[in-house]
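Here's the letter readout for the chains.
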Amino acid sequence: MQGYWKANFLRELNDGAIAAHTQFGATVTSMNTAVHIYPIDGAVSRVAVEDTAFAHRDMKFSPVIATQWPDPADNEANIAWARAYAAALAPHSEAGGYINFMDSEDQNRVADNYGPNWEKLVSVKAKYDPDNLFRVNQNIPPS
C-alpha cells in the first residue's frame, strides 16, 4: 500500500472545519483512505504542558488524514487530495499536529508539534543522542 498522512490540531469543530470535512469526504480518492477526528480531552488535560513532550493539551481535536491506496500510479492524485484537504483545514487549525501522523515533508512542523517543550527536547536529544543516530523519524536535531 502507498500512504500519505497529514494532521492538525483544532480548538473546535467550527463551521469552516466541518465544511472542509464535508467537501473532501465527498471526494475521497481511495477506498483505503480514512479520516479520523480524535478528541483530546479527559486525562490529557490534567497534566501540565511541561510535564511531557506533548504540549497541545488545550486543543479539543486532532484530525488525521490517512490516505492509502494500492497503485503507485495513483500517487500524485492521492497526495494532491490529502494536501488540498489539509490546506482547507489550515485556516481553522492551530500550529502543529500529532507527531505520529506527520508525513516526511512535515519536518518543518516538528517544533510546532512540541510547542513550548521544543527547547527542552532539543537539550535531551543533544545529551542522549548527540550524533543523531535516531533520526529516521520526525527528527529533533541535537543542535
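As shown above, the structure is provided for reference.
Notes on the structure follow. Here, residues in each chain are numbered from 1, in the same order as that chain's written sequence. Two thresholds apply to this predicted model, a pLDDT of at least 70 for residue-level local features and 80 or more for giving and counting side-chain atom pairs, whereas whole-chain, interface and lining totals are computed over all residues. Only hydrogens and water are removed before side-chain values are computed, so all heavy atoms of the structure are retained for them.

1. Let's talk about the overall build of the chain
A helix here means a DSSP run of H or I that spans at least four residues, while a strand means a run of E at least two residues long, and both kinds are numbered starting from the N terminus. Scanning the chain for helices and strands turns up 4 helices and 3 strands. Its C-alpha atoms give the chain principal-axis dimensions of roughly 45 × 35 × 25 Å. Looking at the chain as a whole, 38% of its 143 residues qualify as buried. The protein chains shown are the only cover counted for residues, whose accessible areas, like all others here, come from Shrake-Rupley with a 1.4 Å probe. Here the chain has roughly 8,100 Å² of accessible surface; of this, 56% comes from carbon and sulfur atoms. Positive residues here are Lys and Arg, negative ones are Asp and Glu, while His and the chain termini are left out of the count. To locate a charge, take atom NZ for lysine, CZ for arginine, CG for aspartate or CD for glutamate. Here the chain holds 11 positive side-chain charges and 17 negative ones, and the gap between their average locations is 7 Å. Relative accessible area decides the class of each residue, using a 1.4 Å probe on protein chains only: under 20% of the type maximum gives buried, over 50% gives exposed, and in between gives partly exposed.

2. Considering unusual backbone geometry
Positive phi, normally seen in glycine, also occurs at N132, with a value near 60°. Its location among the elements puts N132 in the segment after α4 (118–128). Given the relative accessible area of 15%, N132 is considered buried.

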